[in-house]
Each structure stands twice: as structure tokens, then as C-alpha cells.
Amino acid sequence: MMQDVIQARIEGLLQRIAAAASRAGRDPSEVTLMGASKTVDPDRIALATQLGLQHVGENYVQEAADKFDHTSSLRQSATWHMIGHLQTNKVRQALDLFDVIETVDSERLAHRIDTVAGETGKKVPIYLEVNMGSEISKTGVEADQLPSLAQAVSACDNLQVAGLMAVPPFTPDPQGARPYFQLLRQIRDRLDQAQIFDYPIEGLSMGMSHDFEVAVEEGATIVRLGSSIWGARPA
Ligand SMILES: *Cc1c(COP(=O)(O)O)cnc(C)c1O
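Quick caveat: nothing in here was measured; it's all calculated off a predicted structure.

Draft legend 1. Broad picture of the overall build of the protein. When its secondary structure is counted, the protein shows 9 helices and 8 strands. Principal axes of the C-alpha set define a box for the protein whose edges measure 50 × 40 × 30 Å. The proportion of buried residues among the 235 residues of the protein is 52%. Pairs at least 24 residues apart make up 63% of the contacts formed inside the protein by residues separated by at least 6 positions. Just so you have it, the protein exposes about 10800 Å², and 48% of that area is on carbon and sulfur atoms.

In C-alpha cells:
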């Protein structure tokens, strides 16, 4: 029963992502669906990964650790993204739990991830989080500080920048988020053109349940959807 509901929701979301991509003349395969699973019961997350959800994001290190303890298949069942603020003292644990860190917003954090990643010899994909003035998420680097953060990160051999991530301020009308998505895309384009990295900067992690279609129209390469997959979170 719950399985059918989640399956129908995922299929519906993939169709809406594809339609939004087509409206913008984009190939739908450029857009990845990530499940944002904070507060969701681990077995219901597992249901979604069994139905083909390949990327899942969590906001808290401890919550992810508890879920992986509870449901042992979960860690290997998807690519896990850290999408909440990460404290430097939790980096070691985070690198066990997550494959991608989307919330790098300071040199200190970048250097810490680089150091721990170097010990294990793995290159960690990261996103640089840009502050867009959201009340929910006051984290992220200010746009004018992004170039200097990028310079510092480019010297970190064990980090690979996949792109930029942001949480824009909530606007009741999803169209209100469009200028923020456009701005993040422009910031990404400028960062790419600055050639601080010896590889292209392509990723744009933006768009949540209420505004992901606008985000896809504006160039999102990965959308982070929670309530539209698993239902409303407890208030
Ligand atoms: C909760 C959360 C989401 C998903 O929000 P929904 O509105 O449930 O889709 C996406 N990104 C981040 C950073 C979140 O914390």
C-alpha cells in the first residue's frame, strides 16, 4: 500500500521533472532526483531506494547514522548526500556516512574534509553552498566570497567540486524562487568561466517540493524532494 503510494509519487515527480526540462529545451536525463529524507522512517526510505531512487539526502550526521544502524541495507542502497550544515568536528563521521557533501561553505570546512579524505585516499565530490538569504538556512558562503572560497578549494587535492547548492528564501508562489535560481545559475556560469578548476563546474543543486519545476526550467541538475515523495513532515 505505502509502496504503491511512494511508487506513484516518484513516477509522477519524474514526469514533472521531464516536462519542466523539455519546456526549457533541456534533456531530462540532465536532472537527477534526490530524496530529502529528514524525519522519514528508515524503512520508508528503503522502500523508495528499492523502487529506484538512487540519491538520498540527509540534514544531520546523527540522524543518518541512526538510520543506517537501524536499516543496514540503507547505506549501500543509494548515493548519500549531506544537505544540512556540517560542523568541522563531524567531518570524519560524515565522510563515512555520505558520498557527497553539498554544504561546503567555508575554507575551514573544506580543508578539514580535504584532510580526512586524504587519509582514506578518496576524492570527495562536494558542492559549494551559496547563501541566498533564506530564513530556513542561514548557512552558505556569501556570493561575493565565493571566488576566494573556490580558490582555496582548488588547492585541495582530495575535493572535486560538482557544482553549487542553495536554498532560496521561501516564497508562497514558486515563481518567486525563479530569480534566485537564475542568480545561482549565473554565479555557477561565472565560476566555471573563471577557470579556477581544471575541470568544468556544472552542477546546480536547487529546487525543493514546492518549486522544483521552476528550478529545472532554470537549470537545476539535481532537485532535492522530501515531502512530495514521503508526505508531509510532522510539524
Ligand atoms: C528538507 C529539505 C529539502 C526538501 O524539502 P521538501 O519541501 O520536503 O521537498 C531540500 N533541501 C534541503 C536542504 C532540505 O533541508
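The structure having been displayed, the exposition proceeds.
Draft legend 2. Spotlight on the nonpolar core. One finds Ile101, Ile113 and Leu128 to be the most contacted residues of the largest nonpolar core, which totals 71 residues. With 6 residues, helix α1 (residues 2-23) is the single largest residue contributor to this core. If you look at the next biggest cluster of nonpolar residues, it comprises 8 residues, including Ala36, Val100, Met165 and Val167.

Draft legend 3. Representation of the side chain of histidine 55. With respect to the element layout, histidine 55 can be found in strand β2 (residues 55-58). Here histidine 81 takes part through its side chain, which lies 2.8 Å from a polar atom of the side chain of histidine 55. Excluding residues that lie within four positions of it along the chain, histidine 55 makes contacts with Thr32, Leu33, Met34, Gly35, Ala78, Thr79 and His81.

Draft legend 4. View of the layout of surface pockets. For the second largest pocket, the calculated volume is near 160 Å³. In terms of lining, the second largest pocket is formed by Ile10, Leu14, Val31, Thr32, Leu33, Leu51, Gly52, Leu53, Gln54 and His55. Counting residues per element, the ones that place at least two in the lining of the second largest pocket are α1 and β1 (32-36). Per-class residue counts for the lining of the second largest pocket are 6 nonpolar, 4 polar and no charged.

Parameters at a glance
Residues numbered from 1 in each chain as written. Predicted model: local features only at pLDDT ≥ 70, side-chain atom pairs only at ≥ 80, totals over all residues. Heavy atoms only, no water. Helix = DSSP H or I, 4+ residues; strand = E, 2+ residues; numbered from the N terminus. Buried < 20%, exposed > 50% of the residue type's maximum accessible area, 1.4 Å probe, protein only. Contact = heavy atoms within 4.5 Å. Areas by Shrake-Rupley, 256 points an atom, 1.4 Å probe, with all protein chains shown as cover. Core = buried A, V, L, I, M, F, W, Y, C linked by side-chain atoms within 4.5 Å. Polar contact = N/O pair within 3.5 Å; in protein donor to acceptor, adjacent residues only side chain to side chain. 1 Å grid on protein atoms, 1.4 Å probe; cavity = no way out; pocket = protein on both sides within 12 Å on 5 of 7 lines; lining within 4 Å. Points joined across faces, edges and corners; volume = space filled by probe spheres on them. Nonpolar A, V, L, I, M, F, W, Y, C, P; charged D, E, K, R; others polar.

Taken by themselves, the reported measurements are silent on function.
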